[in-house]
Amino acid sequence: MCRRSRTFSATIASCLALLATGHTGLDSLRALAFDRTTPDSLRFTAFYDLVWDGYLFSDPDSAYILATSLRREARAKNNKVFEARASELFAAVWYVRGDMRTALLHYDTALALHKRNMDHDGQADVLTNMASMLSYLGDLDSALALYNEGLALHERLRDSAGIATDLNALGRVQMLRGDHARAVELYMRSLSIQEQLGNKRGICTSLANLGGLYLNQSDWKEALDHYRRAATIAEELDDKHQLGKQLEEIGSCLEELGDTAQAMRVLRRSEAVRMRIDDRHGLVNVRNRIAGLLVEQGRYSDALEFYNSAEAMARTEDLPWGLGNALVGISHVLLLTAHPEKALRAALAADSAALIAEELNLRRDAAEVKYAALKDLGRWQEALSVHERIVQLSDSIMREENQREVLRNGYRYAYEKQAERDSLDHALAMFRAESSHRQQRSTLGWLLALLSL
């Protein structure tokens, strides 16, 4: 989750908190932001909150224009704090659009400006957001280091909201590494803080991440429940970025549960939401999913259209994982429609993208369509060599999965032991209560006997 920086004056923050409630709140923020008679500190804070609350997650193009205005005015007034905050807004816009690399460039600028300003709040938030971008790009070690650095700063500042965001993000990294026990502990700690703060956006992200954890454990029903709850909150917040993501995950769960008709409707809705905010990273992913469903339905020409669209966008946005998936899908469709030579070209391109993405499952999928194309073309010697590669990749995947299963079993064991402990504690409490009750009845009996005497 991309996190908003804290406001800079308790007086200003409390003033804006009173104003920023619903549509009337946005109108009040807008009036403050454009009132030249308002003191700069209050006006710029209102301007920043207006961009974040009013436009960023529902209309990123307008958010970008407003962020440009904020930076221009901050520079004119020599307000170094809001010059840095404007850079954060630019980064957040590119994050919502799905361009993590451009977002990182703007966060680099913001971090340098915050260091110049000795703004520790700003540094902590930017470190966390940069780590989030790196985790989506697959650089988990760098992401983990930045998250820990950001968490240490947030703890020193006693920033509960920042700590909750960091815990949530750290949980996601641990989940991607396969350590589900550590992930669920971090997610639950984060969710508890977000609920205490009443932070709906944070609750939404925590629920979505817990859904991802259940998805990784193939518990589709539990995952679906968490994603639906997250989607409901995203709609309440008019957060189209989160809504698009949750709808895609809901669609994937429904597909796994066999409800392909409903899955298609939800995936198409996710696509429509993401088109509205130009979330290209999300569009690549959801179009690949839609195309996969169309292949299952035998609608090969429609599937090819979606795969081609995803491929073109993934190339433009430099998204190797999305590109590899699109090319594997294209190769598969071409094999099904008896075009093995074209299928082989797509498979070779998929193989290159999978190497860049450094994802074993994608590399195996690319190798499998390459093997099928070579076999259809009668190129047996090459096909045999690729088959050996598939076996090697499958072995590597199996080893990784076995390691993750050990971690998952550890989580399940810890969870069951805790549940057993809770059950025993409850039984012991009931026993003590009953013993106390019996003792009270016995004492009462003696008293009654004495009174009778």
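All figures in this text were calculated on a predicted structure; none of them were measured in a lab.

A. Region of interest: the overall build of the protein chain. The helix and strand tally for the protein chain stands at 20 helices and zero strands. Counted over contacts in the protein chain with a minimum sequence separation of 6, partners at least 24 positions apart contribute 58%. Entry remark: accessible area of the protein chain is about 22100 Å², with carbon and sulfur atoms responsible for 53%.

B. Representation of helix α12 (residues 220-237) within the structure. Its 18 residues give α12 an end-to-end C-alpha distance of 26 Å, which sits within 8% of 26 Å, the value for a rise of 1.5 Å per residue. Against the buried residues of α12 lie α11 (200-216) and α13 (240-256). Directly beyond the C-terminal end of α12, a positive phi value near 55 degrees is found at Asp-238.

C. Broad picture of the packing of helix α6 (residues 100-117) against helix α7 (residues 120-136). Orientation of α6 relative to α7, taken along the N-to-C sense of each, is 160 degrees, at an axis distance of 9 Å. With respect to α7, the element α6 is oriented roughly antiparallel. By crossing handedness, the relation of α6 to α7 is classed as left-handed. Of α7, the residues touching α6 (which contributes Met-100, Ala-103, Leu-104, Tyr-107, Asp-108, Ala-110, Leu-111, His-114 and Lys-115) are Gly-122, Gln-123, Val-126, Leu-127, Asn-129, Met-130, Met-133, Leu-134 and Tyr-136. Residue classes in the contact of α6 with α7 are distributed as 12 nonpolar, four polar and two charged.

D. Seen up close, the packing of helix α15 (residues 280-296) against helix α17 (residues 320-336). Relative to each other, α15 and α17 sit at 20 degrees, their axes nearing to 10 Å. Judged by the inter-axis angle, α15 sits roughly parallel to α17. Every pair of crossing elements has a handedness; the one defined by α15 and α17 is left-handed. For the pair α15 and α17, the contacting residues are Val-284, Asn-285, Asn-288 and Val-295 in the first and Trp-321, Gly-322, Asn-325, Ala-326, His-332, Val-333 and Leu-336 in the second.

E. View of the pattern of salt bridges. Going through the model one piece at a time under the given rule, you end up with 28 salt bridges. As a salt-bridge pair, Arg-201 and Asp-239 come within 2.7 Å of each other at their nearest N and O atoms. Here the residue Arg-201 occupies a position in helix α11, and Asp-239 occupies one in the loop between α12 and α13, the gap between them amounting to 38 residues. Under the relative-accessibility criterion, Arg-201 is labelled buried at 16%. Between Arg-379 and Glu-382 there is a salt bridge whose closest N-O contact spans 2.9 Å.

F. Region of interest: the environment of Glu-185. Following the sequence through the fold, Glu-185 ends up in helix α10 (residues 180-197). Given the relative accessible area of 37%, Glu-185 is considered partly exposed. Placed 18 residues apart in sequence, Glu-185 and Leu-167 show a C-alpha to C-alpha distance of 9.1 Å. A distance of 3.0 Å separates the side chain of Glu-185 from the side chain of Arg-182, its partner in a polar contact.

G. Layout of helix α19 (residues 360-376). Taking 1.5 Å per residue as the helical rise, α19 with its 17 residues ought to reach 24 Å, and the 24 Å between its terminal C-alpha atoms agrees with that figure. At the N-terminal boundary of α19, the capping side chain belongs to Glu-359, with an oxygen 3.2 Å from the backbone nitrogen of Asn-361. Gly-378 lies just past α19 and shows a positive phi near 75 degrees.

H. Here's a closer look at unusual backbone geometry. Here the phi dihedral of Ala-338 falls at roughly 65 degrees; this positive angle occurs in a residue that is not glycine. Relative to the assigned elements, Ala-338 resides in the loop between α17 and α18 (340-357). You will see that Glu-358, though not glycine, has its phi angle at about 55 degrees, which is positive. Its location among the elements puts Glu-358 in the loop between α18 and α19. Take Glu-358: its relative accessible area is 69%, and that puts it in the exposed class.

Conventions used here
Residues numbered from 1 in each chain as written. Predicted model: local features only at pLDDT ≥ 70, side-chain atom pairs only at ≥ 80, totals over all residues. Heavy atoms only, no water. Helix = DSSP H or I, 4+ residues; strand = E, 2+ residues; numbered from the N terminus. Contact = heavy atoms within 4.5 Å. Areas by Shrake-Rupley, 256 points an atom, 1.4 Å probe, with all protein chains shown as cover. Expected span 1.5 Å × (residues − 1). Axes fitted to C-alpha atoms, helices over the stretch in contact; angles between N-to-C directions. Parallel < 35°, antiparallel > 145°, perpendicular 65-115°, else oblique. Left-handed = near helix turned anticlockwise from the far one by under 90°. Nonpolar A, V, L, I, M, F, W, Y, C, P; charged D, E, K, R; others polar. Salt bridge = Lys/Arg side-chain N within 4 Å of Asp/Glu carboxyl O. Buried < 20%, exposed > 50% of the residue type's maximum accessible area, 1.4 Å probe, protein only. Polar contact = N/O pair within 3.5 Å; in protein donor to acceptor, adjacent residues only side chain to side chain.

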